[in-house]
Amino acid sequence: MSMMNIFNVSGSAASAQSQRLNVVASNLANADTVAGPDGQAYKARQVTFQTQLVGAQNDPTAAGVKVSSISEDQTAGRRVHDPKHPSADADGYVTYSNVNAVEEMVNMISASRSYQNNIEVMNTAKSLLMKTLQMGQ
Amino acid sequence: MLNRLTDTLDFQAQALSLRSERQRLIASNIANADTPGYVAREMNFAQALKEATGTASGAAVLKTSQAGHIGGGADGTVASNRSAEANLAYAAPSQTNLDRNTVDMDRERASFADNTVKYEATLRFINSNVRTTLSAITGQ
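Predicted model only: the values in this text are computed from it and were never measured.

Novice: Just checking my understanding: could you explain the overall build of chain B for this structure?
Specialist: A count of helical and extended segments in chain B gives four helices and two strands. When the helices and strands of chain B are listed from N to C terminus, the series reads α-β-α-α-β-α. Expressed as a percentage of contacts within chain B between residues at least 6 apart in sequence, the contacts between residues at least 24 apart total 75%.

Novice: Explain the overall build of chain A here, please?
Specialist: Assigned secondary structure in chain A consists of two helices and four strands. Starting at the N terminus, the α and β elements of chain A follow one another as α-β-β-β-β-α. Compactness check: chain A gives a C-alpha radius of gyration of 22 Å against a globular reference of 14 Å for 137 residues, more than 25% above the reference. The principal-axis extents of the C-alpha atoms in chain A amount to approximately 80 × 30 × 20 Å. Intrachain contacts of chain A at a sequence separation of at least 6 include 62% that bridge at least 24 residues.

Novice: Whenever I open this one, the packing of helix α1 (residues 5-29) of chain A against helix α1 (residues 2-31) of chain B confuses me. Can you help?
Specialist: Pairs of packed helices are described in terms of their axes, by the angle between the two and the distance that separates them. It is the contact of α1(A) with α1(B), at a shortest axis distance of 9 Å, that shows an interaxial angle of 5 degrees. For the element pair α1(A) / α1(B), the angle class is roughly parallel. Residue-level inspection shows Asn5(A), Ile6(A), Val9(A), Ser10(A), Ser12(A) and Ala13(A) of α1(A) in contact with α1(B), the latter providing Gln23(B), Arg24(B), Ala27(B), Ser28(B) and Ala31(B). When grouped by side-chain class, the residues that make up the contact of α1(A) with α1(B) number five nonpolar, five polar and one charged.

Novice: Looking at this structure, I do not really get unusual backbone geometry. What am I missing?
Specialist: Among all residues save glycine, negative phi is the norm, and among peptide bonds the norm is trans. Residues and elements named next belong to chain B. Positioned with a positive phi, arginine 100 is a non-glycine residue whose angle comes to about 60 degrees. Of note, arginine 100 is situated in the loop between β2 (88-90) and α4 (105-138). C-beta crowding within 10 Å serves as the criterion here: with 11 such atoms nearby, arginine 100 is assigned to the exposed category.

Novice: Teacher, can you tell me more about the interface of chain B and chain A here?
Specialist: A common way to report how large an interface is uses the accessible area buried once the components associate. Opposite the 26 residues of chain B that make contact, chain A presents 28 residues. Broken down by secondary-structure element, the contributors of at least two residues to the side of chain B that touches chain A are α1 and α4 of chain B. In terms of residues, the side of chain B that touches chain A owes the most to one element, α1(B), which gives nine residues. For the side of chain B that touches chain A, a count of residues per class yields 14 nonpolar, seven polar and five charged.

Novice: I'm lost on the nonpolar core in this one. Help?
Specialist: Within soluble globular proteins, side chains that are nonpolar tend to cluster in buried spots. The biggest cluster of nonpolar side chains holds 35 residues, and the ones touching the most others in it are Val9(A), Ala27(B), Ile30(B) and Ala31(B). Those elements giving two or more residues to this core turn out to be α1, β1 (45-53), β2 (63-72) and α2 (101-133) of chain A together with α1, α2 (45-52) and α4 of chain B.

Novice: How should I be thinking about the environment of Arg131(B) in this particular structure?
Specialist: Locating Arg131(B) in the fold gives a position in helix α4. With 124 residues separating them along the chain, Arg131(B) and Asp7(B) place their C-alpha atoms 15 Å apart.

Novice: Explain the environment of Glu51(B) to me, please; I cannot follow it from the model alone.
Specialist: As for its position among the elements, Glu51(B) is in helix α2. Remark: the alpha-carbon pair of Glu51(B) and Asn87(B), spanning 36 residues in sequence, is separated by 9.6 Å.

Novice: Which parts of the structure should I look at to understand the environment of Ala121(B)?
Specialist: Residues and elements named next belong to chain B. By secondary structure assignment, the location of alanine 121 is in helix α4. According to the C-beta neighbour criterion, alanine 121 is partly exposed, with 13 such atoms within 10 Å. It is 19 Å that separates the C-alpha atoms of alanine 121 and alanine 27, two residues lying 94 residues apart in sequence.

Novice: Honestly, the packing of α1(B) against α4(B) in this entry has me stumped. Any pointers?
Specialist: Residues and elements named next belong to chain B. Following both chains from N to C, one finds α1 and α4 inclined at 160 degrees, their axes separated by 9 Å at the closest point. Considering their axes alone, α1 and α4 lie roughly antiparallel with respect to each other. Once α1 is placed against α4, the crossing between them reads as left-handed.

Analysis parameters
Sequence order as written defines the numbering, with residues in each chain counted from 1. For this description, chains carry letters from A and ligands carry numbers from 1, given in the order in which they are written. Given that the model is predicted, a residue must reach a pLDDT of at least 70 before its local features are reported, and side-chain atom pairs must reach 80 or more before they are shown or counted; all residues, however, enter totals for whole chains, interfaces and linings. Helix numbering and strand numbering both begin at the N terminus, where a helix is a DSSP run of H or I of at least 4 residues and a strand a DSSP run of E of at least 2. Two residues qualify as a contact pair if the distance between their C-beta atoms, derived from the backbone, is within 7 Å. To get the radius of gyration, use the C-alpha atoms; to get the globule rule, take the number of residues to the power 0.38 and multiply by 2.2 Å. To get an axis, fit a line to the C-alpha atoms, keeping to the stretch in contact for a helix; angles then go from 0 to 180 degrees between the N-to-C directions. We call two directions roughly parallel when the angle between them is under 35 degrees, roughly antiparallel when it is over 145, roughly perpendicular when it lies between 65 and 115, and oblique otherwise. We call Asp, Glu, Lys and Arg charged. Ala, Val, Leu, Ile, Met, Phe, Trp, Tyr, Cys and Pro are nonpolar, and the rest, Gly among them, are polar. In this scheme the burial state of a residue depends on its C-beta neighbours within 10 Å: 20 or more other such atoms mean buried, 12 or fewer mean exposed, and anything in between means partly exposed; the C-beta positions come from the backbone. Note on terminology: a nonpolar core is any set of buried Ala, Val, Leu, Ile, Met, Phe, Trp, Tyr and Cys residues joined through C-beta atoms within 7 Å. Crossing handedness is read from the near helix: turned anticlockwise from the far helix by less than a right angle, it gives a left-handed crossing, and turned clockwise, a right-handed one.

Here it is in structure tokens:
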């Protein structure tokens, strides 16, 4: 049943996209944090997708997705001059996280659209399978 | 005589199986729309159907002389895998992408809808064929 594999393919993609959405959510939540638990300012995280064959015997027509790694953006954080802030350094500068809110919003909409696409594929496959089950009646 | 009844059904069954394979292929493309470096695949449906139903002119079939040999024609799984592999092509990208991903979501969505309708059409052909045969058997 090659149709059954569609749920594996689209399901893995939906799960990967929801992980990306999770990372976007934590980036946006930490957009204004000053220091994390390690004393460093929060660094924006980004997921990397990789193709993962989910069918039998490495069938190239059943290509799912997995999150291969989550990387941290190493660019310098936003620095604001605020000598009265408790986390200010010797020069009076406070280092905020390096999250770019606009970039994250774009990322969020892209992830949500891809998620919706995969759910729609699964719905179509499900209705086709239901019709196939009623074959000959 | 009986094979005349089932010949059409066989053809539609092969078509249905290929349609479901193509559906999975397009689902894979849609799933990998955000994967860097993924190259979209597309199936040569007409050629695949010709090979699956044995009406292809140039289909290579391995000759077997022993029972244990893996044949290219009669053995269903091997033949379908071979033909599915052979008829996979890489879709030409219409726009370049920075991460070398060649999935065109508009095209994939259109192909997916097209394949869905044709799968349902094949299902209806099979159903009406079964109904015709049944009414012929019962004679009513």
